[in-house]
Amino acid sequence: MRAVAAFLTLFVFALPASTAAQTAIRPDRVIRLFDGKSMDAFYPWLVDSHKDDPLRVFSVVDQVDGAPAIRISGEKWGGIVTRESYRDYRLVVEFRWGLLTWGQRRNATRDSGVLVHAQGADGNTGRDFNGPWMRSIEAQIIEGGVGDIILVAGFEADGTRLTPRITARTGKDRDGEAVFDPAGEAREFESGRINWYGRDVDWLDKLGFRGKDDVESPYGQWTRLEVIAQGDRLTYVVNGKVVNEGSRSSLTEGKILIQSEGAEIFFRRIDLEPVGK
């Protein structure tokens, strides 16, 4: 038995980091990732400065519309990343845009996003691991496109580039882009974006853009975004309406990353709730 135990111990320590990853938490109660006081559930990640945040891109402010909120300035690309990994949950966030925009996106649509099932090393969207994000599946937050599904590829230490896969029922818009359609043909996606069902075909990357059928709240108001992660299925809900859905996801667990991507944004709620089996 001692020999077997010694062998198992050596085997575990020999496992690569991706295999010996932390066990993902399946919430059995509400987990408040933002408690109104601190960002202790997260750590920062920024291009170049990594876990240092000298410009205070991420902070907690006392009052935004009468309540505390996490402020993400958007000045540098990166995000806040949960310290733990999670699976099988309903993620509920409430966000609203600020005034500031930066750099190449100064006059572009305000942009951010929530990355779920984030896996691998920090910064692995860059081959040199100095990228802003991690391999994951994004719930897009952008003016006119809240609820798009984006498959975010990332690199492994040996240089292999891995892209998540997901199957969704879609049609095509006038420009040939994939659009979520519950009655559409099921298709596996290995890259790119799946537009939410009502994304304006004439969408422009222009500051303040709003489509004629947008579900997100008007600028200056709070929007509620839910990501229901259940097994290999992801469902996105914006202000109470299902806007996108996919199944057979190649990723089913991981960290949660909230992006800084050129626009000031506030989050007053970031909760994980249990979902049924």
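See the structure printed just above.
Residues numbered from 1 in each chain as written. Predicted model: local features only at pLDDT ≥ 70, side-chain atom pairs only at ≥ 80, totals over all residues. Heavy atoms only, no water.

Caption draft 1: Examining the sheet that holds strand S12 (residues 166–172) more closely. Read across the open sheet, the three strands follow the order S13-S12-S14; overall the sheet is antiparallel. If you trace the sheet from one side to the other, it starts and ends with strand S13 (178–180) and strand S14 (185–189), each paired once. Recorded for the sheet is a direction-independent mean angle of 65° between the axes of neighbouring strands. (Pairing = 2+ DSSP bridges. Helix = DSSP H or I, 4+ residues; strand = E, 2+ residues; numbered from the N terminus. Axes fitted to C-alpha atoms, helices over the stretch in contact; angles between N-to-C directions.)

Caption draft 2: Structural view of the layout of surface pockets. Quantified by volume, the second largest pocket comes out at close to 200 Å³. Those elements that provide at least two residues to the lining of the second largest pocket are strand S8 (135–142), strand S9 (149–152) and strand S10 (154–155). In terms of residue count, S9 provides more of the lining of the second largest pocket than any other element does, three residues in total. A per-class count over the lining of the second largest pocket returns six nonpolar, five polar and four charged. (1 Å grid on protein atoms, 1.4 Å probe; cavity = no way out; pocket = protein on both sides within 12 Å on 5 of 7 lines; lining within 4 Å. Points joined across faces, edges and corners; volume = space filled by probe spheres on them. Nonpolar A, V, L, I, M, F, W, Y, C, P; charged D, E, K, R; others polar.)

Caption draft 3: Here's a closer look at the sheet that holds S9. Strand order in this open sheet of seven strands is S2-S5-S19-S7-S8-S9-S15, and the pairing throughout is antiparallel. The open sheet is flanked by strand S2 (42–46) and strand S15 (193–194), the only strands paired with a single partner. Bridge analysis of strand S7 (residues 111–119) against strand S19 (residues 255–260) gives three bridges, and the strand direction is antiparallel. Bridging from a neighbouring strand, valine 114 pairs with isoleucine 258 of S19.

Caption draft 4: The pattern of salt bridges, seen in detail. Using the criterion set out here, one finds 26 salt bridges in the structure. Ionic pairing is found between aspartate 148 and arginine 199, a salt bridge with its closest N-O pair at 2.7 Å. Residue aspartate 148 is located in the loop between S8 and S9, and its partner arginine 199 is located in the loop between S15 and strand S16 (223–230); the two are separated by 51 residues in the primary sequence. A residue is classified by how much of its surface remains accessible, and aspartate 148, at 0% relative accessible area, is buried. The partner of arginine 224 in a salt bridge is glutamate 226, and the shortest N-O contact between them spans 2.9 Å. The class for arginine 224 is partly exposed, based on a relative accessible area of 27%. (Salt bridge = Lys/Arg side-chain N within 4 Å of Asp/Glu carboxyl O. Buried < 20%, exposed > 50% of the residue type's maximum accessible area, 1.4 Å probe, protein only.)

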